[in-house]
Every structure is written in C-alpha cells, then in structure tokens.
Amino acid sequence: MKRYVILISGRGSNMESLLDAGLPGACAAVISNRADAAGLAFAASRGIVTHVIDHRGFASREDFDSALAAEVGRHAPDLILLAGFMRILTDGFVRRFEGRLLNIHPSLLPAFPGIKTHAQALAAGVRLHGCSVHFVTPALDGGPIIAQAAVPVQAGDDEASLGRRVLAEEHRLYPRVARWLLEGRLHLVAGRAQLVGEIAVGGALHVPQTE
Ligand code: GAR
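Residues numbered from 1 in each chain as written. Predicted model: local features only at pLDDT ≥ 70, side-chain atom pairs only at ≥ 80, totals over all residues. Heavy atoms only, no water.

## Thoughts on the overall build of the protein chain
Within the protein chain, the secondary structure is distributed over six helices and 10 strands. Computed over the C-alpha atoms, the radius of gyration of the protein chain is 17 Å, within 12% of the 17 Å expected from 2.2 N^0.38 for a compact globule of 211 residues. Its C-alpha atoms give the protein chain principal-axis dimensions of about 45 × 40 × 35 Å. Buried positions account for 48% of the 211 residues belonging to the protein chain. Sequence separation of at least 24 residues holds for 59% of the intrachain contacts in the protein chain that already meet a minimum separation of 6. About 9,700 Å² of surface is accessible on the protein chain, with carbon and sulfur atoms providing 53% of the total. Between the mean site of the 21 positive side-chain charges and the mean site of the 20 negative ones, the protein chain shows a separation of 2 Å. (Helix = DSSP H or I, 4+ residues; strand = E, 2+ residues; numbered from the N terminus. Rg over C-alpha atoms; globule rule 2.2 N^0.38 Å. Buried < 20%, exposed > 50% of the residue type's maximum accessible area, 1.4 Å probe, protein only. Contact = heavy atoms within 4.5 Å. Areas by Shrake-Rupley, 256 points an atom, 1.4 Å probe, with all protein chains shown as cover. Lys, Arg positive; Asp, Glu negative; His and termini not counted. Charge placed at Lys NZ, Arg CZ, Asp CG, Glu CD.)

Here you go:
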C-alpha cells in the first residue's frame, strides 16, 4: 500500500479532509513544526503517528529542513502533503521530494501568493477567487498547478466569509488530487502536471487535460 505523510502548522482542517477521504494509501505520519497545532490531537485520535519538529530549535532554515527531511524520509512516503504548513522550504528539501510534494494554497495562483490571500483578493477587487493545488518547487507558491477550484466573490464579503467559502472548496479539491497521485495517474513531467486517464470534472473545478 502507498504511504503518505501530512505536514501541518495549525488547525489541520485540510488534513482532516484528507484523512476522511478514504484515500488509497496509509497515512504514515502527521508532522507539525508547532507543538500547539490543533490538528495533532485529531491525527492522534485516529491512531496516526505524530511528530513535532519545532523550527525554533534550529539555528538555520537548512538545519530545520534537514531534520524535517530525515523524519519525513524515515516514513518512506510516496506522497507528502503540505496542509497549512506555514514554513518556506529550502531548495534541498524540495529537490529531495520533488514530484511527490504537493501544497494547497488559498488563491487562484499565480494570483496572490504568500499570506493573507483573501484580503489580497478583496483589495484587488477580483470577482473570482479560490484555491490551487500545485507541485512544490523551490519557487514560493510557484510550482506547476495541478487543479483549481473557483468561488465567486460576493458583495459584502469580508476576509472571513470569503475564506470560509474557499476553505470548503479546499476540502473537496485536495483529497481528489491526492487520490490521483496515489493512484499513479498524476505525474510531474518536464515541469508540468500531467494527468493520465479519465477525470470526472464537476462544478467550478479546473484540472489539466488528460491524455
Ligand atoms: C488553508 O487555507 C491552506 O490553504 C492555507 O492555510 C490554511 C490552513 O488551514 N495554506 C497556506 O496558506 C499555505 N501557504 P487548515 O490548517 O485548517 O488546513
């Protein structure tokens, strides 16, 4: 059976949606860089091994990433899912796991990388906002996009209301993409996401053309 590891920093609602999705693989571990991440208790309640590697205990980003890579590597995962993991990863870490390292970001990339994406979207006055799942490369929030889900921005939206609508789409989108990779249908080929086989597309979900 394929194995995946989830990295979190906080609430862990995307992690929950992944764990509840019945993915064709086993969650080998949930790793957090913060001991107070609420998601750790949920993972433990599911009998999943959890680890905390506190970034503040390391002198440099490289030192933290080598400890993180060692822990992740120990579980020999086929897939690593960043789920609200709020640390910028070094090139060394990303290269080691390239092609099996995914992230979910709360905007329609390449618009609004970084943080406070819902505030950025409201300030820009866009009519559509959403979330993106992408392969992680050394460019921050800049790796090849795999799939996106869009939501309308409504009159009277604030950060919280827009964020809630986007989060509901995140919870649908991320498990779908994770499933494709675990099924061996999703690959990173020459810097682009490539999907093989039939994909059922519904609603405002946008995915690559299949072969
Ligand atoms: C999610 O909205 C996720 O997309 C975002 O953090 C939130 C985590 O929530 N991630 C990023 O901004 C990564 N740059 P969660 O802990 O409840 O899944």
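## Observations concerning the nonpolar core
Generally speaking, soluble globular proteins have nonpolar side chains that are buried together. Within the largest apolar cluster, 41 residues are counted, with the highest numbers of intra-cluster contacts made by I6 and I146. The element best represented in this core is helix α6 (residues 159–182), accounting for nine residues. If you look at the next biggest cluster of nonpolar residues, it comprises 19 residues, including A28, I53, F85 and V136. (Core = buried A, V, L, I, M, F, W, Y, C linked by side-chain atoms within 4.5 Å.)

## Things to note about the packing of helix α5 (residues 117–124) against α6
For the pair α5 and α6, interaxial distance at closest approach is 9 Å and the crossing angle is 115°. With respect to their mutual orientation, α5 and α6 come out roughly perpendicular. When the axes of α5 and α6 are compared, the crossing they make is right-handed. Mapping the contact onto sequence places H118, A119, A121 and L122 in α5 and E159, L162, G163 and V166 in α6. (Axes fitted to C-alpha atoms, helices over the stretch in contact; angles between N-to-C directions. Parallel < 35°, antiparallel > 145°, perpendicular 65-115°, else oblique. Left-handed = near helix turned anticlockwise from the far one by under 90°.)

## A look at the side chain of H129
Mapped onto the elements of the fold, H129 is located in strand β6 (residues 128–135). Engagement of the side chain of H129 in a polar contact is seen with the side chain of H118, the distance being 2.9 Å. (Polar contact = N/O pair within 3.5 Å; in protein donor to acceptor, adjacent residues only side chain to side chain.)

## Some thoughts on the site of the ligand
All residues in the neighbourhood of the ligand are listed as R11, G12, S13, N14, G84, M86, I104, H105, P106, L167 and E170. Residue N14 places a main-chain N or O atom 2.9 Å away from an oxygen atom belonging to the ligand. In the model, an oxygen atom of the ligand is placed 2.7 Å from a nitrogen or oxygen of the E170 side chain. Relative to its unbound accessible area of 450 Å², the ligand is 87% covered by the protein chains. (Near = heavy atom within 4 Å.)

## Remarks on the packing of aromatic side chains
In this structure the tally under the stated criterion is two aromatic pairs. Ring geometry for F93 and F97: centres 5.0 Å apart, planes at 55°, overall tilted. One end of the pair, F93, and the other, F97, are both in helix α4 (residues 91–97), four residues apart, so they sit about a helical turn from each other. Considered together, F93 and F97 belong to a single accessibility category, that of buried residues. In this structure, R87 is placed above the aromatic ring of F64, and the distance from its NZ or CZ to the ring centre is 5.4 Å. (Phe/Tyr/Trp six-rings, centres within 6.5 Å; stacked < 30°, edge-to-face > 60°. Lys NZ or Arg CZ within 6 Å of the ring centre and 35° of its normal.)

## Re the pattern of salt bridges
Any two side chains of opposite charge can pair, so long as their charged atoms come close to each other. Per the counting criterion, the structure on display carries nine salt bridges. Notably, a salt bridge pairs R95 with E98, separated by 3.0 Å at the nearest N-O pair. (Salt bridge = Lys/Arg side-chain N within 4 Å of Asp/Glu carboxyl O.)

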